[in-house]
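Structural overview
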Amino acid sequence: MISNNDFPEWQYKPFWLNKEEIDQPQDVLQQFFETYSLPVCRTNLWELLTGFMNSEQADDMDRNERSDMLYFYRGLSELIEVSNLMAHKAAR
């Protein structure tokens with residue numbers, strides 16, 4: 001499993017966001033969920049997980065690494081749902 005200590009300092013800062021997006025993150029959420037509905041997000045995330053778990057890379061993982069990947073999937077699913085709630089509340 002990868003540790004939080006395995007990364008350089010710059011990796012802990014936004015990489016894909018520009019200054020405007022950093023200043024107005026709710027706009028990023030709203031735009032994302034205007035493009036991808038919650039059901040589409042769930043479906044795409046599931047496809048990513050199942051595609052990965054059926055890959056040769058996953059074959060090389062031990063039981064704990066696979067378990068961590070499933071736990072990460074669950075956490076990311078929750079993050080998507082919370083982000084969706086926040087985007088809808090901001091749009092009101």
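Just above, that's the structure.
I will try to describe carefully the structure that is included in this document. Here the structure is a predicted model, which is why all the values come from computation and not from measurement. Position numbers for residues count from 1 along each chain, tracking the sequence in the order it is written. Local features in a predicted model are, by the rule used here, given only for residues with pLDDT of at least 70; side-chain atom pairs are given and counted only at 80 or more, and totals for whole chains, interfaces and linings are based on all residues. The basis for every side-chain value is the complete set of non-hydrogen atoms in the structure, without hydrogens or water.

Brief notes about helix α3 (residues 38-53)
Inclusion rule: In DSSP terms, a helix is any run of H or I states spanning at least four residues, a strand is any run of E spanning at least two, and both are numbered starting from the N terminus. Here the expected length of a helix is defined as 1.5 Å per residue gap, with one fewer gap than residues. With a 1.4 Å probe rolled over the protein chains alone, any residue whose accessible area is under 20% of its type maximum counts as buried; one over 50% counts as exposed, and the rest are partly exposed. An arc is given here, and it is the one of the directions from the helix axis to the C-beta atoms. By definition in these notes, contact holds between two residues if any of their heavy atoms fall within 4.5 Å.
Its 16 residues give α3 an end-to-end C-alpha distance of 22 Å, which sits within 8% of 22 Å, the value for a rise of 1.5 Å per residue. All of the buried residues along α3 are Leu38, Cys41, Leu45, Leu49, Phe52 and Met53. The buried side chains of α3 occupy one side of the element, clustering within an arc of 100° when seen end-on. Elements in contact with the buried residues of α3: α2 (25-35), α4 (56-59) and α5 (63-91).

Considering the environment of Ala58
Looking at where Ala58 falls in the secondary structure, it is placed in helix α4. Residue Ala58 is classed as buried on the basis of its relative accessible area, which comes to 0%. The spacing of Ala58 and Met69 is 11 residues in sequence and 9.7 Å in space, taken between C-alpha atoms. Leave out the neighbours within four places in its chain, and Ala58 touches Phe52, Met53 and Arg66.

A few points about the side chain of Gln30
Assignment of secondary structure puts Gln30 in helix α2. Residue Gln30 is classed as buried on the basis of its relative accessible area, which comes to 18%. Residues within four places of Gln30 in sequence aside, it is in contact with Ala87, Ala90 and Ala91.

Re the nonpolar core
Cut-off, in case you're wondering: The term nonpolar core refers to a set of buried residues drawn from Ala, Val, Leu, Ile, Met, Phe, Trp, Tyr and Cys, joined through side-chain atoms within 4.5 Å.
Within the largest apolar cluster, 6 residues are counted, these being Phe33, Leu38, Cys41, Leu45, Ile80 and Ala87. Sorting elements by how many residues they give to this core places α3 first, with 3 residues. Once residues within four sequence positions are removed from consideration, Ala87 is found in contact with Leu29, Gln30 and Phe33. If you look at the next biggest cluster of nonpolar residues, it comprises 5 residues, including Phe52, Met53, Ala58 and Met61.

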